[in-house]
Structure formats: C-alpha cells, structure tokens
Amino acid sequence: GALAMIVYHWTGAAMATLWSSGNVGQGPGAIAWQLGDVNGDGRPELIQLWNDKGRLGMIVYHWSGRAMVTLWGSADVGQGSGAINWEVGDVDGDGRAELVQLWNDNGRLGMIVYHWNGNGMVTLWDSPNVGQGVGAVNWEIGDVNGDQRTELIQLWNDNGRLGVIVYGWNGASMATLSTGDVKQGPGAVDWQIGDVNGDGFAEIFARTRSPRGAVWRPRTPRRFDIWWRLQARRSRRPKYTRIRPARPSCWPTSTSARSSRRPAGRSLSSRR
C-alpha cells in the first residue's frame, strides 16, 4: 500500500483542506508517528517510525511550500525498533526538537536521543540503563523547570502512590534530575502538560475519574508541589481552589537523589 496524506489548515472561518495526496512515495507501515521542528526552520516536521526486521527505520516529511514531501529517510538509523514510548521536544536547548526513544532492557529503562545533524536524524546520545525501571502510568515532556529545555517526566505507580521522575539534559546526556512521591494516587483518566498560568514553568495536569483534577507545578527547579485543584460541579461552573504547598516538600532537594525503589513494569516490546 501507499501512504496517503491530507493537510488541513484554518481559513479564518473554518478548517479546510490545504493539500492532499493519495501517494507521497512511502509505505504506510509505522510503529509510531511524531511531530516536531527537528531541523529548526520554524515549522514542525512529521516523523514516521517503522520496523525494518527489528531495526528502526525513520522518515521525515516537511512542507516544501506547496506540499508535504520526504525531507530525509533511512531504513536503519543504527538502533532497534522496540520502544515503550516515544517523545519529541527540545531536550538540549538548541532550538531544534529531538526525538526520544524509551525502551525496556530487561526491566531497566533505556533511552535514546536522536537529533538533526543538518543532513538527517542521527543518535545524539543513548544508554541501555539510565538508573530507573521501565514502569509508568504515563510519560510527559515539557519545560518544568524553566531552563528553556524540555524535560522528560515518568509518572509511575509506587505501591498506590504517584511517583514522579524527571529527566533532563546535563550538557552531555540525559540524567535524573529529581524523583519523589507527590502524595497523590496514580489513577487518572488523562494526563496533560503545559504552562497553564504563563509563569514559564510547565505544569502537569491529572484528570481523575472523580469530577476533579490536580495540577502540579515546580516550587523550585528541583521540587514540585500541588498548586491548585479544579473542582467541577454539575450545577455550577468549575471552581479553582488554591491549595497551600505541603511541607516538607514531596520532592528531594538534591539533583543526585534517587528513589529508594525503581519502578517495575512490563513493556510492550524490547529494544530489538
């Protein structure tokens, strides 16, 4: 089969088809799709990730001015195709989005960061063991500490409590910035991340099964507190209630501190 593609845009009054094609010159097979400005041209590129007999294939599409076309592609970028999750964000602060591959190495969390080198996507850094387990209830990516680089957040179930691990770029590699227990349960029907209050720090929003949600925000670059909780009522408009930060903080003050237990979990696939 051939990969078909449609691009919609806003006309000023409604969403309409900007461009479409029944065949962009590639196959439709994929293990994941991601979107981000990988080459720093101010426009997001579309990334197709696919499995070529256990090896990771990658294709990057971009807007040529008239259509979406293949910018670059490779059937083997030098890594395996197995992953428990994929994320895109500017982890090293160079103004270009990197692709992060998370994978299970016998219960240990492996991580690979790919970036654009001017000609294609290549491995910037990788490690089969970043010192944590693979278990997670969700993954998010955003600039939680306001350093103009995106951090990777692992949310996991620590015996019925929500554990949070934040990974960030230290100049040479991805490293654990902080671990902790935010004094809440891990159950949620949805997770989102974004700078909801415009302070330059991304907040994490957990939407629970009950009619309420909790938002976490950084109190310092290394610690998080519950900031406020949204309480939705059937007969009234949603009400935002301020919650005083807990003391002591639920996040360790040292960037080198690690959780006493690694999150355990089972991935959907292995690296290779």
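Remember, predicted model here, so these are calculated numbers, not experimental data.

Cut-offs and rules
- Each chain has its residues counted from 1, following the order in which its sequence is written.
- Totals for whole chains, interfaces and linings use all residues, but because this is a predicted model, local features are given only for residues with pLDDT of at least 70 and pairs of side-chain atoms are given and counted only at 80 or more.
- Water and hydrogen atoms play no part in the side-chain values, which are based on all heavy atoms of the structure.
- Each helix is a run of H or I in the DSSP string that is no shorter than four residues. Each strand is a run of E no shorter than two, and both are numbered from the N terminus.
- Relative accessible area decides the class of each residue, using a 1.4 Å probe on protein chains only: under 20% of the type maximum gives buried, over 50% gives exposed, and in between gives partly exposed.
- The criterion used for residue contact is that any of the two residues' heavy atoms lie within 4.5 Å.
- Method for areas: the Shrake-Rupley scheme with a 1.4 Å probe, in which residue coverage is limited to the protein chains shown.
- Between Lys or Arg on one side and Asp or Glu on the other, a salt bridge is scored when a side-chain nitrogen of the former is within 4 Å of a carboxyl oxygen of the latter.
- Only residues whose relative accessible area exceeds 30% and that take part in no salt bridge are eligible for patches, with like-charged residues grouped when within 9 Å of each other and nonpolar side chains (Val, Leu, Ile, Met, Phe, Trp, Tyr) grouped when within 5 Å.
- By nonpolar core is meant a set of buried Ala, Val, Leu, Ile, Met, Phe, Trp, Tyr and Cys residues that side-chain atoms within 4.5 Å join together.
- Paired rings are identified among Phe, Tyr and Trp, the last through its six-membered ring, by centres lying within 6.5 Å, and are further divided according to the angle between planes into stacked (under 30 degrees), edge-to-face (over 60) and tilted (the rest).
- Counted as a polar contact is a pair of N or O atoms within 3.5 Å, where, for protein atoms, one must be capable of donating a hydrogen and the other of accepting one, and residues adjacent in sequence contribute only when both atoms are in side chains.
- Note: pLDDT gives the predictor's confidence per residue, expressed from 0 to 100.
- DSSP bridges decide pairing: two strands pair if at least two such bridges lie between them.
- Every axis in this analysis is a line fitted to C-alpha atoms, fitted for helices over the stretch in contact. Angles between the N-to-C directions lie between 0 and 180 degrees.

Points about the overall build of the protein
- Counting its secondary structure elements, the protein contains zero helices and 19 strands.
- In the protein, which comprises 272 residues, the proportion classed as buried is 45%.
- Sequence-distant contacts, at least 24 apart, represent 42% of the contacts inside the protein between residues at least 6 apart.
- As presented, the protein carries roughly 13600 Å² of accessible surface, and 48% of it is formed by carbon and sulfur atoms.

Digging into the pattern of salt bridges
- Tallying each qualifying case throughout the model produces six salt bridges.
- Across the salt bridge formed by Asp41 and Arg43, the nearest N and O atoms sit 3.6 Å from each other.
- On the basis of relative accessible area, Asp41 is assigned to the partly exposed category, the value being 32%.

Brief notes about a nonpolar patch on the surface
- On the surface, Ile6, Tyr8, Trp10 and Met15 cluster together into a nonpolar patch covering about 500 Å² of accessible area.
- By secondary structure assignment, the location of Met15 is in strand E2 (residues 15-21).

A word on the nonpolar core
- Formed by 19 residues in total, the largest nonpolar core has its most connected members in Leu49, Met58, Trp86, Leu99, Tyr114 and Met121.
- Mapped by element, the contributors of at least two residues to this core are strand E4 (45-52), strand E5 (55-63), strand E7 (85-89), strand E8 (98-105) and strand E9 (108-116).
- Leaving out residues up to four positions away in the same chain, Met58 has contacts with Ile47, Gln48, Leu49, Trp50, Trp72, Gly73, Ser74, Val77, Leu99, Tyr114 and Met121.
- Counting residues in hydrophobic clusters, the runner-up holds 18 residues, among them Val100, Trp125, Val134 and Met174.

Observations regarding the packing of aromatic side chains
- One pass over the full model with this rule turns up two aromatic pairs.
- Arranged with centres 6.4 Å apart and planes meeting at 85 degrees, the rings of Trp19 and Trp63 form a pair that is edge-to-face. With a gap of 44 residues between them, Trp19 in strand E2 and Trp63 in strand E5 connect regions that are remote in the sequence.
- For the ring pair Trp72 and Trp116, a centre distance of 6.5 Å and an interplane angle of 90 degrees mean the geometry is edge-to-face. Of this pair, Trp72 sits in strand E6 (residues 68-74) while Trp116 sits in strand E9; the two residues are 44 residues apart in sequence, bridging distant segments of the chain.

A closer look at the side chain of Asn104
- Structurally, the position occupied by Asn104 is in strand E8.
- Within the structure, Asn104 has its side chain in polar contact with the backbone nitrogen of Asn106 (distance 3.2 Å).

Some remarks on the confidence of the model for the protein
- The predicted model of the protein averages 82 in pLDDT, with 76% of residues at 70 or higher.
- Counting contacts from residues 225-272, a segment whose pLDDT is below 50, to residues more than four positions away or on other chains yields 128 contacts.

A closer look at the sheet that holds E9
- One open sheet accounts for four strands, arranged E7-E8-E9-E10; its pairing is antiparallel. Two strands bound the open sheet, and with one partner strand each, they are E7 and strand E10 (121-127). Here the strands of the sheet are splayed against their neighbours by 25 degrees on average, with no regard to which way each runs.
- The sheet contact formed by E8 and E9 spans seven bridges and is antiparallel. Looking at the pairing, Val100 lines up with Val113 of E9.

Thoughts on the sheet that holds strand E12 (residues 151-158)
- Pairing in this open sheet of four strands is antiparallel, and the strands run E11-E12-E13-E14 from one edge to the other. A strand with exactly one partner marks an edge of an open sheet, and here the two such strands are strand E11 (138-142) and strand E14 (174-181). Pairs of neighbouring strands in the sheet enclose a mean axial angle of 20 degrees, with direction left out of account.
- Pairing between E12 and strand E13 (residues 161-169): seven bridges, direction antiparallel. Opposite Leu152, over in E13, you have Tyr167 as the bridge partner.

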